[in-house]
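# Residue-level structural notes
As a plain string of letters, each chain reads:
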Amino acid sequence: AGGHAIFKTLPGSLPSGLQVVPPVGSVFAVTPVSLPSVTADTSLTVTLQPRASLSGVVRDGSGVPVAGERLELRASPSSLFLSSVVTGADGSYVLPVAPGEEYLLQLSNGAAWELDHSTVSHHNVHSDPFVVSGDTVRDVTLPYVMVDVRVEDSGGDPVSGAVVNVVELLPAPFEFYSGNQWSGGASFHGGSAVTDAGGHAIFKTLPGSLPSGLQVV
């Protein structure tokens, strides 16, 4: 009732700090708190901020909404997880934020990959740190590119029904809105596609390197 939460712990470091989650239905935002180390009995006061929203639409480079993209809100610089949302058919997202706090956004497309393995998977693609001052709209552009692989026999005739696997992707940095750059990331399952009657297998992927190349089965 007095607003106190008490922990018992061994002395040590808390590199991710603390996370304060308000009661369900509260007007306050989830608040990250920096507390790098504890060496003795310690007291601190956390002031919760009214909740604001970070919202927008995730689209590909052609302006088409992207469904199944998971956006994680993380505290900066600790990368402490705060909340997440998966885009629906219209590509929209809404995340709760606290004005004045510094955040990172982190992307993964596991939900989309589960529905269509020809979309090469990505995760831990993250933004530069940013601060919001209130309700904020940030539309995100994922610059997907298409990769068309044609499989043929020694005579140049197409081979249908072959499975082409992308084993690994290391996404290249890209700008998702003016002044903020995506970086980092990797592929958790790669991607796979089956060649059609013309011997073609088509992938959708973020730009980047494929250090393990392709595998044709």
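Higher on the page you've got the structure.
The notes below deal with the structure included here.

Let us now look at the packing of aromatic side chains. Applying the stated criterion across every chain, the model contains five aromatic pairs. Between Phe174 and Trp182, the ring centres sit 6.2 Å apart and the planes meet at 40 degrees, which makes this aromatic pair tilted. On the basis of relative accessibility, which here comes to 0%, the residue Trp182 falls in the buried class. Within the aromatic cluster, the residues linked to one another by ring pairs are Phe174, Phe176, Tyr177 and Trp182. In this structure, Arg138 packs its charged tip against the face of Tyr177, placed 4.3 Å from the ring centre. Positioned above the aromatic ring of Tyr144, the side-chain terminus of Lys204 is 5.0 Å from the ring centre.

Here the focus is unusual backbone geometry. Most peptide bonds are trans, and most residues other than glycine sit at a negative phi. That bond from Ser76 to Pro77 is cis: its omega, 10 degrees, falls within 30 degrees of zero. Among the structural elements, Pro77 can be located in the loop between β6 (70–75) and β7 (81–86). A positive phi angle, close to 65 degrees, is found at Ser79, a residue other than glycine. When you line up the elements, Ser79 lands in the loop between β6 and β7.

If the charged atoms of two oppositely charged side chains come close together, the side chains can form a pair. All told, the structure shown has four salt bridges when counted by the stated rule. The salt bridge partner of Arg59 is Asp139, with a shortest N-O separation of 3.7 Å. Residue Arg59 is found in strand β5 (residues 52–60), and its partner Asp139 is found in the loop between β12 (136–137) and β13 (140–142); the two are separated by 80 residues along the sequence. Assessed through its relative accessible area of 31%, Arg59 is described here as partly exposed. Of the residues examined, Asp139 reaches a relative accessible area of 37% and is grouped as partly exposed. Glu72 is the partner of Arg70 in a salt bridge, and the nearest nitrogen-oxygen pair spans 2.9 Å. Residue Arg70 is classed as partly exposed on the basis of its relative accessible area of 28%. Look at Glu72 and you get buried, because its relative accessible area is 11%. One continuous salt-bridge network, built from bridges that share partners, spans Arg70, Glu72 and Arg74.

What counts and what doesn't
Every chain begins its residue count from 1, and numbering advances along the sequence as written. With the structure being a predicted model, the display of local features is reserved for residues of pLDDT at least 70 and the display and counting of side-chain atom pairs for 80 or more, all residues being used for whole-chain, interface and lining totals. To get the side-chain values, all heavy atoms of the structure are used, and hydrogens and water are removed first. Side-chain rings of Phe, Tyr and Trp, where Trp is taken by its six-membered ring, are said to pair if the distance between their centres is within 6.5 Å; with planes under 30 degrees apart they count as stacked, over 60 as edge-to-face, and otherwise as tilted. For every residue, the accessible area obtained with a 1.4 Å probe (protein chains only) is divided by the maximum for its type, and the residue is called buried under 20%, exposed over 50%, and partly exposed between those limits. In this scheme, Lys NZ or Arg CZ marks a charge over a ring once it lies within 6 Å of the ring centre and within 35 degrees of the ring normal. In this description a helix means any DSSP run of H or I spanning at least four residues, a strand means any run of E spanning at least two, and both kinds are numbered starting from the N terminus. Counted as salt bridges are all cases of a side-chain nitrogen of Lys or Arg within 4 Å of a carboxyl oxygen of Asp or Glu.

It is worth stressing that arrangement in space is one thing and function is another; only the former is reported here.
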